[in-house]
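# Fold and geometry: a report
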Amino acid sequence: MIRTWAYKDEYEAEREEILAAVDRVFRSGHLILGESVRAFESEFAAYCGVRLGVGVGNGTDGLFLALKALRIGAGDEVITVANAAIATVAAIVATGATPVFVDIDADTLLMDVTQVERVVTPRSRAIIPVHLYGQCVDMEAVTAVAARHGLDVVEDCAQAHGATRNGQRAGSFGRAAVFSFYPTKPLGAYGDGGIVVTDDEDLAAHLRRLRFYGTNGSVSAEEDGYNSRLDEVHAEILRIKLPRLDDYINRRRAIAARYGELSSTTSLRLTSVLEGNGHAYHQYVVRHAERARVLARLAASEIELTVHYPVPIHLMPA
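Residues numbered from 1 in each chain as written. Predicted model: local features only at pLDDT ≥ 70, side-chain atom pairs only at ≥ 80, totals over all residues. Heavy atoms only, no water.

Regarding its fold elements, the protein chain presents nine helices and 12 strands. For 318 residues, the compact-globule estimate of 2.2 N^0.38 gives 20 Å, and the C-alpha radius of gyration of the protein chain, at 20 Å, lies within 12% of that figure. Seen through its C-alpha atoms, the protein chain measures out along the principal axes to roughly 60 × 55 × 40 Å. Residue burial in the protein chain is summarised as follows: out of 318 residues, 47% are buried. Sequence separation of at least 24 residues holds for 66% of the intrachain contacts in the protein chain that already meet a minimum separation of 6. Within the structure as shown, the protein chain displays about 15200 Å² of accessible surface, and the carbon and sulfur contribution to it stands at 51%. The averaged location of the 41 negative side-chain charges in the protein chain is 2 Å from the averaged location of its 33 positive side-chain charges. (Helix = DSSP H or I, 4+ residues; strand = E, 2+ residues; numbered from the N terminus. Rg over C-alpha atoms; globule rule 2.2 N^0.38 Å. Buried < 20%, exposed > 50% of the residue type's maximum accessible area, 1.4 Å probe, protein only. Contact = heavy atoms within 4.5 Å. Areas by Shrake-Rupley, 256 points an atom, 1.4 Å probe, with all protein chains shown as cover. Lys, Arg positive; Asp, Glu negative; His and termini not counted. Charge placed at Lys NZ, Arg CZ, Asp CG, Glu CD.)

What follows deals with the sheet that holds strand β11 (residues 277-278). Sheet strands pair via backbone hydrogen bonds, and the direction of the pair is either parallel or antiparallel. Strand order in the open sheet made by the three strands is β7-β6-β11, with antiparallel pairing throughout. Of all the strands in the sheet, the pair left with one neighbour each is β7 (168-169) and β11. Bridging between strand β6 (residues 164-165) and β11 involves two bridges; their strand directions are antiparallel. Bridge pairing in β11 links T164 to G278. (Pairing = 2+ DSSP bridges.)

Turning our attention to a nonpolar patch on the surface. Together, F26, L31 and I32 make up a nonpolar patch on the protein surface, roughly 320 Å² of accessible area in all. Looking at the secondary structure, you find L31 in the loop between α1 (8-28) and α2 (35-48). Its relative accessible area of 49% is what places L31 among the partly exposed residues. (Patch = residues over 30% accessible without salt bridge, like charges linked within 9 Å, V, L, I, M, F, W, Y side chains within 5 Å. Salt bridge = Lys/Arg side-chain N within 4 Å of Asp/Glu carboxyl O.)

As paired elements, strand β2 (residues 77-80) and strand β3 (residues 98-101) share four bridges and run parallel to each other. What sits directly across from E77, in β3, is T98. Taking the sense of rotation as the criterion, the β-α-β connection linking β2, helix α4 (residues 86-95) and β3 turns out right-handed. (Right-handed = clockwise from strand over helix to strand, strands pointing away.)

Here we take up the packing of helix α3 (residues 59-69) against α4. Contact geometry of α3 with α4 gives a least axis separation of 8 Å together with a crossing angle of 40 degrees. In terms of orientation, α3 lies oblique with respect to α4. In terms of crossing hand, the pair formed by α3 and α4 is right-handed. Counted together, T60, L63, F64, L67 and K68 of α3 and A87, T88, A91, I92, A94 and T95 of α4 form the full contact between these two elements. Partitioned by chemical class, the residues of the contact of α3 with α4 number seven nonpolar, three polar and one charged. (Axes fitted to C-alpha atoms, helices over the stretch in contact; angles between N-to-C directions. Parallel < 35°, antiparallel > 145°, perpendicular 65-115°, else oblique. Left-handed = near helix turned anticlockwise from the far one by under 90°. Nonpolar A, V, L, I, M, F, W, Y, C, P; charged D, E, K, R; others polar.)

A few words now on the pairing of strand β5 (residues 152-156). Where burial is concerned, most of β5 is hidden: five out of the five residues are buried. Where burial is concerned, the two faces of β5 agree: the one with D152, V154 and D156 and the one with V153 and E155 are both buried. Here strand β4 (residues 124-127) runs beside β5; their pairing, made up of two bridges, is parallel. Across the sheet, A126 pairs through a bridge with D152, a residue of β5. Chirality of the crossover, the property in question, places the unit of β4, helix α5 (residues 139-149) and β5 among those that are right-handed. Judged from the three bridges that link them, β5 and strand β8 (residues 176-180) form a sheet pairing that is parallel. The residue bridging D156 from the neighbouring strand is V178, located in β8.

Written as structure tokens, this is what we have:
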């Protein structure tokens, strides 16, 4: 069976370095919020083109904590899209805020930024553009709307590690940006993990308190907080993989180019790349009027495909 994703080949290729990284952590005497996390936070933020990173338990927590650090909650509205992973909206709802959806561009599948201004109300506090499948939203347009209305921008970069917009990396446009290190991602850990990156020192300090029970590392909570920390083992493994991220992405781009070449004369509907974007290809997404038939034929040849996302968030019972 040819699967859409499996970690074993990658693990075999990098096994010795991964095991050495795990051993370094186990021998260090620090398993939680130690030097590996601090180093990775700095290195990944620098890779994105910003100054500060705050490692968290997963990408969903990162979105939730970023919104909480911006003091978004009940009575507030956050503008986003419905054709993404549940996590984006779950984080908004967890704060007590209300998600407000805009439609997407039919060719790129990204947020149609021309619609954002139409849904801004006095309750609007933030925009979460989702860099879906590894391609950046038109961030120049998003930040222009946000500036006109005094809104914060929190980039959902869960699928966009290394993606670029006019030469600028995903994660460097908004007040904050959130990445997931779920194993399937372009830069994946061997379990859950995430990070929030920002240039705002006060916001980063607030995030560090929120991820650790509302404390500054002491036994006394200064505010209501949570427990969401990137652990040392995953941080050290991610440090091993980070210098290879551009190589991973270049390989994905080469495969995507081959797919595009071979698919261009078929009945598949390909997804457009927005001008100025450097796509990271977390997924290579196509559409077809007879999707079930195509999936069945490929399955018969032991080729696995998956559907992203079969139910848009605004139609889910929750």
